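Close look at the chain arrangement
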Amino acid sequence: APATAVALSRCGNFAIVGYADGRVDRYNMQSGAHRCAYVRRGEAVEGGAATARPPPPPSSPAHSGPVVGVASDAGNTRAVTASEDGFLAVWAFRTGALRGSVALGAPAARLAAAAATPLVGVALSTGALLAVDASRPAIVRRFAAPPDRVSDLALSADGRWLLAASLDGSILVLDVPAGAPLQRLLLGAPVASLSLSPTGDLLATAHAGRRGVCLWSNQAVFGGAGALQPAAGGGD
């Protein structure tokens, strides 16, 4: 099956790959050797407890649908996966054992992880946005859908801001602790990809039909109010 989601571990030594058939595997970056398969064994686990769902085979793939997002924490203690089967799963990074899973209520479309906290952001196929605490695991925040389909998702390193880019050329900035929208940025062309710097001071975006990468300065960090302004050297 084709790969549908990839992520590097924070240390850079491992790659986690999710596939269209629900499999998730971990590889060594230096040698390319297969190190671990994330599989369900015995009873299905959701929310940290066994459920009434019929038990899967002794060893079955991580998900029953295509994997749309994978991530790992800074200490390589857990891996997080999300799938179109409507579940987010948390795994022991090294052994591949299932620690728990959460029913999302709809197929997942995007996944973003915070570097310094156990929070992950999830965009659903319905457009709704979730913040999930992977240490429990449990859904801790729910947000209404942006005006258009979510094209990319980013979470600040401290888990404070969740950014959702839409195909209408806007980015919705959400305050996760407050559980409320903070700002909606109108950037023009549809946003194909976005990335927030580790300190949260710069935002990089790539746009459909435009060459290059745009850099935006975070006025919440540099001071001043209003919309974000292009940083020096930014633009097409």
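This write-up is about the structure you can find in this document. Everything numeric in this text was worked out from a predicted model, so none of it was measured. (Residues numbered from 1 in each chain as written. Predicted model: local features only at pLDDT ≥ 70, side-chain atom pairs only at ≥ 80, totals over all residues. Heavy atoms only, no water.)

On to the environment of Ala123, then. Tracing the backbone shows Ala123 in strand 14 (residues 119-124). Ala123 sits 20 residues away from Phe143 along the chain, and the two C-alpha atoms are 9.7 Å apart. Beyond its immediate stretch of four places on either side in the chain, Ala123 contacts Ala108, Ala109, Arg110, Ala128, Leu129, Val150 and Leu153. (Helix = DSSP H or I, 4+ residues; strand = E, 2+ residues; numbered from the N terminus. Contact = heavy atoms within 4.5 Å.)

Read from one edge of the open sheet, four strands run 13-14-15-16, paired in antiparallel fashion. Strands with a single pairing partner mark the edges of an open sheet, and in this sheet they are strand 13 (108-113) and strand 16 (138-143). This sheet shows a mean twist of 25° between the axes of neighbouring strands, independent of strand direction. Taken together, the five bridges between strand 13 and strand 14 define a ladder with antiparallel strand orientation. When the sheet's bridge partners are listed, Ala113 is paired in strand 14 with Val120. (Pairing = 2+ DSSP bridges. Axes fitted to C-alpha atoms, helices over the stretch in contact; angles between N-to-C directions.)

Once that is clear, we can look at the sheet that holds strand 12 (residues 98-103). The four strands lie next to each other as 9-10-11-12, forming an open sheet whose pairing is antiparallel. One side of each edge strand has no neighbouring strand; the edge strands of this open sheet are strand 9 (67-72) and strand 12. For this sheet the average axis-to-axis angle between neighbouring strands, irrespective of direction, equals 15°. With five bridges connecting them, strand 10 (residues 78-83) and strand 11 (residues 87-92) associate as antiparallel partners. Opposite Val80, over in strand 11, you have Val90 as the bridge partner.

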